[in-house]
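Structural overview for review
Each chain is listed here by its residues.
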Amino acid sequence: MSLGSKLSIAFVAIAALGILVAGALGIWNTVEFQDRKDFEAQALPFLLDEVLTHYQAHDESWEGAGELPLPGYVLLFDKDQKWLGNGGRGPAQKLLGPWRGYGVPAQAIVLDGEVIGFLKVMRRPKALGGGAEVTFFQDDSAFLEDGFEDLGRHRRDRWPIPFWGFGAILLAAGVSGVFVSRRIVRPLHELTEATRAVASGELEHRVPVRSQDELGTLAESFNSMSGKLAESEQLKRQMTQDVVHDLAQPIVVIRGLAEAMRDGAIPVTDENLDTIFQEAGRMEGLVRGLHILEQLDSGRLHLSRGPLAPEDLVNRLMRMYAGQAQSAGISLVARIDPVLPVLDGDEERLIQAFGNIMVNALAYAPADSDIEIRARTGAGGGVELSVTDSGPGVQEEDLPRIFERFYRADKARTQRNVEGSGIGLAIVRSLIEAHGGEVSAANVEPTGLRVSVLLPTAALPSSKGGV
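This structure is a prediction, so every number in the text was calculated from the model and none was measured. (Residues numbered from 1 in each chain as written. Predicted model: local features only at pLDDT ≥ 70, side-chain atom pairs only at ≥ 80, totals over all residues. Heavy atoms only, no water.)

Right, let's talk about the nonpolar core for a bit. One finds Leu-313, Phe-354, Met-358, Ile-371, Leu-385 and Leu-455 to be the most contacted residues of the largest nonpolar core, which totals 50 residues. The biggest single contributor to this core is helix H9 (residues 347-364), with 8 residues. Contacts of Leu-455, omitting those with residues within four sequence positions, involve Leu-343, Leu-350, Phe-354, Gly-382, Val-383, Leu-385, Ile-432 and His-435. Trp-62, Leu-84, Leu-111 and Val-121 belong to the second largest nonpolar core, which has 18 residues in total. (Core = buried A, V, L, I, M, F, W, Y, C linked by side-chain atoms within 4.5 Å. Buried < 20%, exposed > 50% of the residue type's maximum accessible area, 1.4 Å probe, protein only. Helix = DSSP H or I, 4+ residues; strand = E, 2+ residues; numbered from the N terminus. Contact = heavy atoms within 4.5 Å.)

What follows is about the pattern of salt bridges. The full count for this structure, using the stated rule, is 11 salt bridges. Two residues, Arg-262 and Asp-263, come together in a salt bridge whose shortest N-O distance is 3.4 Å. Connected through shared salt-bridge partners, Arg-316, Glu-347 and Glu-348 make up one network. (Salt bridge = Lys/Arg side-chain N within 4 Å of Asp/Glu carboxyl O.)

The next point concerns the sheet that holds strand S8 (residues 383-388). Strand order in the open sheet made by the 5 strands is S5-S7-S8-S10-S9, with mixed pairing throughout. Each edge of the open sheet is held by one strand with a lone partner, namely strand S5 (331-336) and strand S9 (438-443). Here the strands of the sheet are splayed against their neighbours by 15 degrees on average, with no regard to which way each runs. Running at roughly 175 degrees to S5, helix H8 (residues 310-327) makes contact with S5, strand S7 (370-377) and S8 of the sheet. Contacting S5, S7, S8 and strand S10 (449-455), H9 runs over the sheet at an angle of about 170 degrees to S10. (Pairing = 2+ DSSP bridges. Axes fitted to C-alpha atoms, helices over the stretch in contact; angles between N-to-C directions.)

Between its first and last C-alpha atoms H8 spans 26 Å; for 18 residues at 1.5 Å apiece the expected length is 26 Å, and the two agree. Roughly 50 degrees is the biggest bend found in H8, and it falls at Tyr-321. Residues of H8 that are buried: Pro-310, Glu-311, Leu-313, Val-314, Asn-315, Leu-317, Met-318, Tyr-321 and Ala-325. The elements touched by buried residues of H8 are strand S4 (306-308), S5, strand S6 (341-345), H9, S7 and S8. Within two residues after H8, Gly-329 carries a phi angle of roughly 75 degrees, on the positive side. (Expected span 1.5 Å × (residues − 1). Bend = angle between axes of the 7 residues up to and from the residue.)

With 70% of its residues at a pLDDT of 70 or more, the chain has an overall mean of 75. Across residues 410-418, where pLDDT falls below 50, the model places 21 contacts with residues more than four positions away in sequence or in other chains. Segment residues 460-467 is flagged for pLDDT under 50; beyond a separation of four residues in sequence, or across chains, it makes 20 contacts in the model. (pLDDT = per-residue confidence, 0-100.)

Here it is, written out as structure tokens:
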């Protein structure tokens, strides 16, 4: 469920609860009001008559009024507003005044146009209803024994429903608010702390994914980002170590030979100078390859793309590496399907990419074996060009990583002590992907490695075929 849906449900629930409580209070107040009106119209006149009868029977005095068997919810006051429940000795104004807002309003007792007292009903009588005859003057176990205590009890009896109603609304709003805020704020706090941790260099820091809503998606994205940052940082450190290692080797060779020839320890011969030249070439190749990768990573490598016939690319590779293959006792074989689509690419950059593949194949192919260069229509469109050698192949678990920079985990293909910069196939992948293509590698039976490249085509078809 999304975060917006959760918020909407919480607010709707609070609103619904408020409506229900407000409706209940409205119904209760309506019933209370109607009961009060019924009581004032039906019962109160009888109470007044009985009280007046008592007053007149005692020579128009309130003597013995405290012994009147009034219900516990009815209070009798004299004209000075003194409570007569304890013989007229109770407090006056402060007893009647604060309670005028509760129950039935105080009813003046009038005799011959003169107010002689007050009758106060403190709460709605529960004896009313059902059409039964009501007897007001009867023994009541709740009869007043202490005015203040009974008044406080009447107040508690009258007001709990509205107080609890408004309290329920506030409680529901508070609980919902706390629940929703925790659901929102807690993941945000965790993301904030994780962001600070990553900014300080803790790239392995992760946040828990607590939901499947927008915040959960954000946490998953953050974890993915920090994971990629950690992986990138590890690759950068590994790449730096590999570059230092690959540059250190030729430097040591060049420096050792140069010092030895300067000191006269070894003669200055063409063979020693050739070794220095070869090691310098290794350094130059590594630096040039790193420069190409940097341009590709930053998007600054310009591709001069145009129509290119696949057979022209294959034939050029055959000519370029024919001499090196012949010296190693390896045969180059070209297999080109007729009427291939025209490629859309930069010829020099593609030659550079396939040249790295050819160098890799020639380095590992045994003598008296073949290297096949194949061009055909791709299964999903485009043109597929592949180079297949008969070398030892690559372990299956290492195949997905051979295009990573400086990756040399395969012992089978490194035990032959083949020299290289470790970035040749990485350059291949970057150049091919810059053309919008794909590169992959697979072992072949009985032995060997095939590197396949799928390239997009231009609009014009090619009419050439064969070699």
